[in-house]
Structures are given as C-alpha cells and as structure tokens.
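Chain residues, written in single-letter form:
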Amino acid sequence: MKVLIIGSGAREHAMAWAVARSSKVSTVLVAPGNGGTATMGGKVRNVAVKATDIDALLDLVARESIGLTVVGPEQPLEAGVVNRFREVGLKVVGPTAEAARLETSKVFAKEFMKRHDIPTASYEVFRDHASARAWLESCDSFPQVIKASGLCAGKGVVVAMSREEALGAIHEFFESRIFGEAADEVVIESFLAGQEASVFALTDGRDYRLFLSAQDHKRIGEGDTGKNTGGMGAYAPTPLVTPEVMQRVEEEVIRPTLAGMKADGYSYTGFLYVGLMIDSGVPSVVEFNARLGDPETQVVLPMLRSDLFDALLASVDGGLDAVPFEMHDGAAATVVMASAGYPDAYETGKAITIDPAVNDLEGVLVFHAGTQREGDALLTSGGRVLSVSARAGSLKEALDRAYRGVAAIGFEGAYYRRDIGAKAL
Ligand code: AMP
Ligand code: GLY
C-alpha cells in the first residue's frame, strides 16, 4: 500500500521511517517533508504540497492512489482534513475538526473535562479584557496560568507568578492581540505543582493502544530555564509514569475521554496526546493534543517493536484491539539541535555537515526538522533543525549514543541542551 504522511517536522520524518519499515508498505510520500525525508531513499520521497492545502492533498491522493494518510501536525486537523478525506471515502488517521477541539480550543477541552469529571486544574473562561481584569484584581492566589484558547504554536500560555504579570498577559492577549483571534477566549486556571509527562494513545474511537510514556524538555536552557520552545529533547519511558500512574491515566483520563467524546457526538479517532502534571503519583491533565508530540515521537516510535502501519490501518479499518503493539525493552532519547537564537529570531541557510560515520553508530537515528536540500548541500531552514535519537538497553546508554550522534553533526551556531534526560538518571 502507498502511504501519505502530512507534515514537515522531525515527527513526520520519524513517522515516515517507522511506516517504511513495514513490508506491506510500497511507497511513503511526505507532504511537504524536509531535507531528511527528501534523502531517505528507498520507499520514501517528498511531494511539494503544503500540509494545509487540503484540495491539493486530495488531488495527490487520487493521482498517486494512496491507500492511507496520516496527519502529523494540528493545523490541517483544525482545517478539517480528516472530515474532507472521510467525505470522499478515503482512509485517514486523525480526528475530525470537531474532535480535534480537544487541542484547538482550550475552552472546549476544559468544559469537556469538567463535564466528564476528568482531573484537571480548576478554571474560569473570559471573553473580554474587563472581566478578566476584574477577576484577577480580586484573586489573591498566585501563580495563575493564563491561556489563549486557540492554537498558538505552543506559545499561548503564561504561568503568571504575580498579579502584575497576569494583568500584563491578559493585556497582551486582549489589547495587543499578539495571538489574534486565538485569544478571543482566554482560560485562567489554577497552577498545578508536580512533574510533567506525556502519554500517547492511538484510537479507533472505542479501543486504544498505548505508546510508552515520554518526557519533553520545553525550555531552551539547561536546568529547565529560559523561554518555552517547541521541545528541545525527550526520552521514553519516563519513570514518572509508573504502572500505577498509567493505570490511573487510563481509568481517569483516556477511557472517560473516548467515551465522553463519543457520547457528546464527536467520536475521537487517531492519536491522542495527554499532557500530564503528576504530583505524588496523582495525574492531572495539563493539555490534550490531537496528534503525536514533537520531539516525543522521535523516542516513542523507535521504541515500538511491532509494525506501526498495521496499527494505523487497524485504527481506521477496525481490529485495533487485536493488532500486535509491542515495545522494545530499554529506553530511547532524542536531542534537538537548534539554530542560534531560537526560539527568538534566528538565521537560516547554514550548511549542515553530517559525518557519515553517524550511520555506523549503533541505535542512532538522525531525524530532520528544519532542513532543506539545495543541490548536494543540506541547509538549515528552521529553528529546530535536527532531532538526534538513539535507542539502547538503558536510558544512560541511549543518551550517550544520542550525544555521540550530535557530536558528529555541525552547523554554524548549533545549539543543544546537554542535560536531556538527566533528571531521570
Ligand atoms: P499547554 O500549552 O497547556 O501545555 O501549556 C504549556 C506549558 O505551561 C505546560 O507544558 C506547563 O509547563 C505549563 N502549564 C500549563 N498549564 C499549567 C498549570 N495549570 N499549572 C502549571 N503549569 C502549567
Ligand atoms: N512536545 C510538545 C508538543 O508536541 O506539543
């Protein structure tokens, strides 16, 4: 079967790598892909179609007789790519635009969790500046967490340590309009203490299968300092998600979410990303995403021993509960190499050199994010440039391997955190 992956990050490179390993897959197209998916060779090639151009994606699928499409990022989900594909009888992995509101509308997600008794921070919703300001003026417990309801590329959340900071945030949201319409509705929620971890499920709306738990490193600086980024590294599994915690997440979050979405008329299908805060073994939902995480995908897919394609197809055709879904022993880690200046302004077009010896490093996988081929050259084209993953028998060895991979790669101004996974060792 021919498979189409929509997206252009390291997540989509990892998906293409995992799907191409299946003997049942003849070709993997990535739209639009990146410099890494352009040069994987074998079954994988890029097609120059934008991830949000649904008409062009539908044309591509018809022209190439694609049997299964997998949606990587959230923007095409919000634009209704799954709805449009299903309307014409195409097989696609992802939730409809209505179901994807678990990610694309924080107001929807909070109201849903409240209605279905799913553990999450208490909250208020505001639709204008004056009422949010009045509420903050009379609130005397800080920190409070201020969130733009819509999609903001991971930047629409402010953990306000003081009233002053909170008032500044709502001014930027409602008056400066830094996020435009995405901040027409604003959630203010109570601060959750604890440690963050992510759990990922693949679901057909009724049954689900779980990948390993993972931990992202969202801040740019070592020791979790500085600005939030798209994610600077990850490892899986995380010791924070003990078997007991995972059982609670299944019972208190995943099952009620799937049942609740179905009961509310928006059956949820595809990947469900549960972002958790875990405090003394008690999990609460920080956020839902309607897709796999980046960089977490670059560790959870290398840990999947069974055939990803079989599971993806079963999530559309049925039989997900019967398909093999087994993990490797040991652990995986990924280290993100970013452009100098990221997450603020950065330059692109820097030449990347990758020592071919990297291919001989055991267990190492170099997934590309912001890279672009130009003739024979590989150039940087984004903030997060590469995600260097490795799998091994232990987390320590996986981290050592990933950092050996990083050492074999260079570009001007390359920045990476040296403490990925350190807290778990
Ligand atoms: P979100 O986009 O909702 O995942 O929020 C981004 C980041 O803000 C999360 O990864 C957390 O680090 C932090 N955060 C969000 N909500 C809360 C909360 N209620 N309490 C503490 N930290 C939070
Ligand atoms: N790793 C965070 C995200 O994918 O949203």
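In what follows, the accompanying structure is described. Residue indices begin from 1 for each chain and proceed along its sequence in written order. As a convention, the first chain written is A and the first ligand written is 1, with the rest following in written order. Only residues with pLDDT of 70 or above have their local features reported here, since the model is predicted, and side-chain atom pairs are shown and tallied only from 80 upward, although totals for entire chains, interfaces and linings are computed over all residues. Excluding hydrogens and water, the side-chain values take into account all heavy atoms of the structure.

### Notes on the overall build of the protein chain
Thinking step 1. Here a strand is any run of E in DSSP of at least two residues, a helix any run of H or I of at least four, and the numbering for each starts at the N terminus. Within the protein chain, the secondary structure is distributed over 12 helices and 24 strands.
Thinking step 2. A principal-axis box enclosing the C-alpha atoms of the protein chain has dimensions of 60 × 45 × 40 Å.
Thinking step 3. Exposure is judged per residue with a 1.4 Å probe applied to protein chains only, and the accessible area is read against the type maximum: over 50% gives exposed, under 20% gives buried, and values in between give partly exposed. By the burial criterion, 56% of the 425 residues in the protein chain qualify as buried.
Thinking step 4. Sequence separation of at least 24 residues holds for 68% of the intrachain contacts in the protein chain that already meet a minimum separation of 6.
Thinking step 5. Carbon and sulfur atoms provide 48% of the accessible area of the protein chain, an area that totals close to 16,900 Å².
Thinking step 6. Of the charged side chains in the protein chain, 42 are positive and 56 negative; the average position of the first set lies 3 Å away from that of the second. The contact definition used throughout considers only heavy atoms, calling two residues in contact when any of these lie within 4.5 Å. Areas reported as accessible are Shrake-Rupley estimates using a 1.4 Å probe. Residue values count occlusion only from the protein chains shown. The charge count treats Lys and Arg as positive and Asp and Glu as negative. His and the chain ends do not count. By convention, the point assigned to a charge is CZ for Arg, NZ for Lys, CD for Glu and CG for Asp.

### A word on the environment of Gly33
Thinking step 1. As for its placement among the helices and strands, Gly33 is situated in the loop between strand 2 (27-32) and strand 3 (44-46).
Thinking step 2. For Gly33, a relative accessible area of 14% puts it in the buried group.
Thinking step 3. Along the chain, Gly33 and Gly7 lie 26 residues apart, while their C-alpha atoms are 6.0 Å from each other.
Thinking step 4. Not counting residues up to four positions away in its chain, the partners in contact with Gly33 are Gly7, Ser8 and Asn46.

### Section: the site of ligand 2
Thinking step 1. Residues in contact with ligand 2, as listed here, are Asp216, Gly230, Tyr273, Asn289, Arg291, Gly293, Asp294, Pro295 and Glu296.
Thinking step 2. In the environment of ligand 2, an oxygen atom lies 3.0 Å from a nitrogen or oxygen atom belonging to the backbone of Asp294.
Thinking step 3. Think of a polar contact as two N or O atoms within 3.5 Å of one another; within protein, one of them needs to be a possible hydrogen donor and the other a possible acceptor, and neighboring residues in sequence only count if both atoms come from side chains. Between ligand 2 and Glu296, the relevant distance is 2.7 Å, taken from a nitrogen atom to a side-chain nitrogen or oxygen of the residue.
Thinking step 4. Contact with the protein chains covers 88% of the free accessible surface of ligand 2, which is 200 Å². The cutoff for a nearby residue is simple: one of its non-hydrogen atoms must lie within 4 Å of the molecule or strand.

### Looking at the site of ligand 1
Thinking step 1. Neighbouring residues of ligand 1: 14 residues in total, closest Glu189, Leu192, Glu196, Lys218 and Glu287.
Thinking step 2. The side chain of Lys147 places a nitrogen or oxygen atom 3.0 Å from a nitrogen atom of ligand 1.
Thinking step 3. At 2.7 Å, a side-chain N or O of Glu189 approaches a nitrogen atom of ligand 1.
Thinking step 4. In the complex, the protein chains occlude 90% of the 470 Å² of accessible area that ligand 1 would expose alone.

### Looking at helix 8 (residues 163-174)
Given 3.6 residues per turn, any residue in an α-helix points the same way as the ones three and four places further on.
Thinking step 1. With 12 residues, helix 8 ought to run about 16 Å at 1.5 Å a step, and its terminal C-alpha atoms sit 16 Å apart, in line with that.
Thinking step 2. For helix 8, the secondary structure elements touched by its buried residues are strand 6 (123-126), helix 7 (129-137), strand 7 (144-148), strand 8 (157-160) and strand 9 (186-190). By this rule, a helix spans an expected 1.5 Å times one less than how many residues it contains.

### Things to note about the nonpolar core
Thinking step 1. In terms of nonpolar packing, the biggest core is built from 48 residues, with Leu4, Val81 and Phe288 touching the most fellow members.
Thinking step 2. In terms of residue count, helix 9 (residues 243-263) provides more of this core than any other element does, seven residues in total.
Thinking step 3. Beyond its immediate sequence surroundings of up to four residues, Val81 is in contact with Ile6, Ile54, Leu57, Val71 and Pro76. Throughout, nonpolar core names a set of buried Ala, Val, Leu, Ile, Met, Phe, Trp, Tyr and Cys residues whose side chains join them through atoms within 4.5 Å.

### What to know about the sheet that holds strand 18 (residues 331-338)
Thinking step 1. In space, the five strands of this open sheet follow the order 12-15-18-23-20, with antiparallel pairing throughout. With one partner strand each, in any of the chains shown, strand 12 (215-216) and strand 20 (364-368) form the two edges of the open sheet.
Thinking step 2. Here a strand pair is declared whenever DSSP counts at least two bridges between the two strands. Sheet topology note: the strand 18/strand 23 (residues 384-392) ladder contains eight bridges and is antiparallel. Counterpart to Ala332 in the pairing with strand 23 is Arg391.
Thinking step 3. On top of the sheet, helix 1 (residues 10-20) reaches strand 20 and strand 23; it is set at about 125° to strand 20, its chief contact. For helices, the fitted axis covers only the stretch in contact; all axes are lines through C-alpha atoms, and the angles between them, taken along N-to-C directions, range from 0 to 180 degrees.

### Let's talk about unusual backbone geometry
Thinking step 1. Cis geometry marks the peptide bond from Ala31 to Pro32, where omega comes out at -5°.
Thinking step 2. Tracing the chain through its elements places Pro32 in strand 2.
Thinking step 3. With an omega dihedral of 5°, the bond running from Phe142 to Pro143 counts as a cis peptide bond.
Thinking step 4. Its place among the elements puts Pro143 in the loop between helix 7 and strand 7.
Thinking step 5. Here Arg177, not a glycine, exhibits a phi torsion of approximately 55°, which is positive.
Thinking step 6. Judged by its relative accessible area of 34%, Arg177 is partly exposed.
Thinking step 7. A positive phi angle, near 55°, is found at Asp224, a position not held by glycine.

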